[in-house]
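Commentary on secondary and tertiary structure
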Amino acid sequence: MEQVNIPVTEPDRQYHFMNLLSEHVFDMTSKNGTSPTFNVTTFGCQMNAHDSEKLKGILTTAGFTEVSEEETPDLVILNTCTVRENANQKLYGHLGLLKSLKQKNPGMMIGLCGCMMQESHVIETIKSKYRHVDLVFGTHNIYKLAELLYRLLTEGGPVIEILDGTDTVVEALPQKRKYPFKGGVNIMYGCNNFCTYCIVPYVRGREKSRPKEEILAEVSSLAKDGAKEIMLLGQNVNSYAYDFPGLLSEVAAIEGVERVRFMTSHPKDLSDRLIDVIASEEKIARHIHLPVQSGSSAILKKMNRVYTKESYLDLVNRIRAKLPDISITTDIIVGFPGETETDFEETLDVCRKVRYDQAFTFIYSKRTGTPAAVFPDQVPPEVIKDRFDRLLATVNQIATERTARFAGSTRSVLVEDINRQDAGYLTGRTSENLTVHFPGDPSLIGQIVDVKLTEPKGFYYMGEL
Ligand code: SAH
Ligand code: SF4
Ligand code: F3S
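All of the points below concern the structure found in this document. (Residues numbered from 1 in each chain as written. Chains lettered and ligands numbered in written order. Predicted model: local features only at pLDDT ≥ 70, side-chain atom pairs only at ≥ 80, totals over all residues. Heavy atoms only, no water.)

1. Some remarks on the nonpolar core
- Leu 232, Phe 244, Leu 248 and Ile 319 are the most contacted members of the largest nonpolar core, which has 67 residues in total.
- Once you skip the residues sitting within four places of it in the chain, Phe 244 turns out to touch Ile 187, Leu 232, Val 237, Asn 238, Phe 262 and Leu 274.
- The next biggest cluster of nonpolar side chains, apart from the first, holds 28 residues, and it includes Ile 58, Leu 59, Ile 77 and Phe 137. (Core = buried A, V, L, I, M, F, W, Y, C linked by side-chain atoms within 4.5 Å. Buried < 20%, exposed > 50% of the residue type's maximum accessible area, 1.4 Å probe, protein only. Contact = heavy atoms within 4.5 Å.)

2. Some details on the sheet that holds strand E16 (residues 425-430)
- One closed barrel accounts for 5 strands, arranged E15-E16-E17-E19-E18; its pairing is mixed. Geometrically, the sheet is characterised by an average inter-axis angle of 50 degrees between neighbouring strands, direction not taken into account.
- Two elements, strand E15 (residues 410-418) and E16, share 5 bridges in a ladder whose sense is antiparallel. Counterpart to Asp 417 in the pairing with E16 is Thr 427. (Pairing = 2+ DSSP bridges. Helix = DSSP H or I, 4+ residues; strand = E, 2+ residues; numbered from the N terminus. Axes fitted to C-alpha atoms, helices over the stretch in contact; angles between N-to-C directions.)

3. Description of the site of ligand 3
- With respect to spatial proximity, the complete set of residues near ligand 3 consists of Gly 44, Cys 45, Asn 48, Cys 81, Thr 82, Val 83, Cys 115, Arg 204 and Gln 235.
- For the shell around ligand 3, the residue count by class is 4 nonpolar, 4 polar and 1 charged. (Near = heavy atom within 4 Å. Nonpolar A, V, L, I, M, F, W, Y, C, P; charged D, E, K, R; others polar.)

4. Points about the pairing of strand E13 (residues 327-334)
- Most of E13 is tucked away, with 8 of its 8 residues classed as buried.
- Burial along E13 is two-sided: Ser 327, Thr 329, Asp 331 and Ile 333 and Ile 328, Thr 330, Ile 332 and Val 334, pointing in opposite directions, are all buried.
- Across 3 bridges, strand E12 (residues 287-289) lies against E13 in parallel orientation. When the bridges of E13 are listed, His 289 appears paired with Thr 329.
- The pairing of E13 with strand E14 (residues 358-363) spans 6 bridges and is classified as parallel.

5. Overview of the environment of Leu 78
- With respect to the helices and strands, Leu 78 occurs in strand E3 (residues 75-80).
- Relative accessible area serves as the criterion here: at 0%, Leu 78 is assigned to the buried category.
- As for Leu 78 and Thr 42, which are separated by 36 residues in sequence, their C-alpha atoms are 6.1 Å apart.
- If we skip the residues at most four places from it in the chain, Leu 78 touches Thr 41, Phe 43, Glu 69, Leu 91, His 94, Leu 95, Leu 98, Gly 111, Leu 112 and Cys 113.

6. With respect to the site of ligand 1
- Around ligand 1, the structure places 15 residues, and the nearest of them are Arg 84, Gln 235, Gln 293, Asp 331 and Ser 365.
- Tyr 197 is positioned such that a nitrogen or oxygen atom in its backbone is 3.0 Å from a nitrogen atom of ligand 1.
- With respect to ligand 1, the side chain of Arg 305 contributes an N or O atom lying 3.3 Å from an oxygen atom.
- Of the residues assigned to the shell around ligand 1, the class counts are 7 nonpolar, 4 polar and 4 charged. (Polar contact = N/O pair within 3.5 Å; in protein donor to acceptor, adjacent residues only side chain to side chain.)

As structure tokens, this is what we get:
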């Protein structure tokens, strides 16, 4: 049997498998007349969305063609999230649909990856109840898609490979970006904060920061490739090991970069220097996502968030003193174990004091294996529902009022897409992350243009060039 040397070092090894895959794809194409197709569906956060761009990059390099799921692709990959129970349920629902699709198209391959796959009970369930799944991998070996898929195609499946953790982070693999004019860049992986409700540290592993030079090189190459907006990604960018404010200004200085965003900021680590850097560099977006989770210091303590209501409000004041127009958005959890009506009112109070531009509100979801799952005084569902509705009404009203503050002003807008409802309109985003729809020609997509915000519509604007 012919045996070529398989490189042991990465990313060479994966390029080797992409090559082997492409030979396979060539044979499939000559046999069927069309190249094999794939679809990747993403659940969860920006980190997952960016991982999916890497998966698509690998598959495209190997010769697969991207199609929608309705077009019954030869390979379907679901990149999963497990941050809340409903994210979990969505996957099982989706797998049920794919089962009937596969019965009609027996050649179809189904792959699962992402955060949910790092939970052993999920793997057990898939092995016993979802036997139509062909390929399973996790968050630590996502870069190995080419190798694992090659194994599936040559040796048969199911191929299941889950690692408990890893020291190797493999970069420099292909990426297929959704929009050519913007790109996400991981600056760190994992999380060390262990907020007591959160499963992310268990499924993403410990914090690892990428060297600055590597990040800057990736941003430069994205910028050369046409990316004007760069999103720096990490679960807590403020604990980036090699000086986040410094990194931010160096990224903004790269030729071709016109806008820099970052996500997410943990309030406990946001420094005054970061505020100064944002204030001194116009290219850095006027938007900070600053998850508060709760307004009650007692609950924050139980959550292990390491800040208090007072220190959070003080931080917001320091940000607004130097950046009066900045948008501040947040995440809030309702019904954390032990949350009393008084605790909840503290949360409402923080919302009224901070006046968030947008708030993502979540019902507390018990995640097995996290400390909070066994805390006493779990809050009854009907109490949570009532609080959730009151919170939503409060944050929506404030967000609507906040949005209206820009009425009549002209802002620079990165044009992202043709409007989904009306093809004569374009959709773009301001530096504050505000969406605006305005009449315009699709040739403007990917450009930064001046748009007058004429009519506030709650969370978005209608405008004109
Ligand atoms: N690293 C980010 C958050 C990542 S998870 C941060 O610390 O800000 C995104 C959001 O999901 C969190 O901000 C939190 O509001 C919510 N979340 C996480 N675990 C949850 C749980 N068990 N129940 C409900 N919401 C949860
Ligand atoms: Fe989860 Fe907290 Fe880490 Fe955010 S900082 S990912 S909420 S543990
Ligand atoms: Fe979900 Fe994983 Fe992100 S659990 S929120 S996709 S890090």
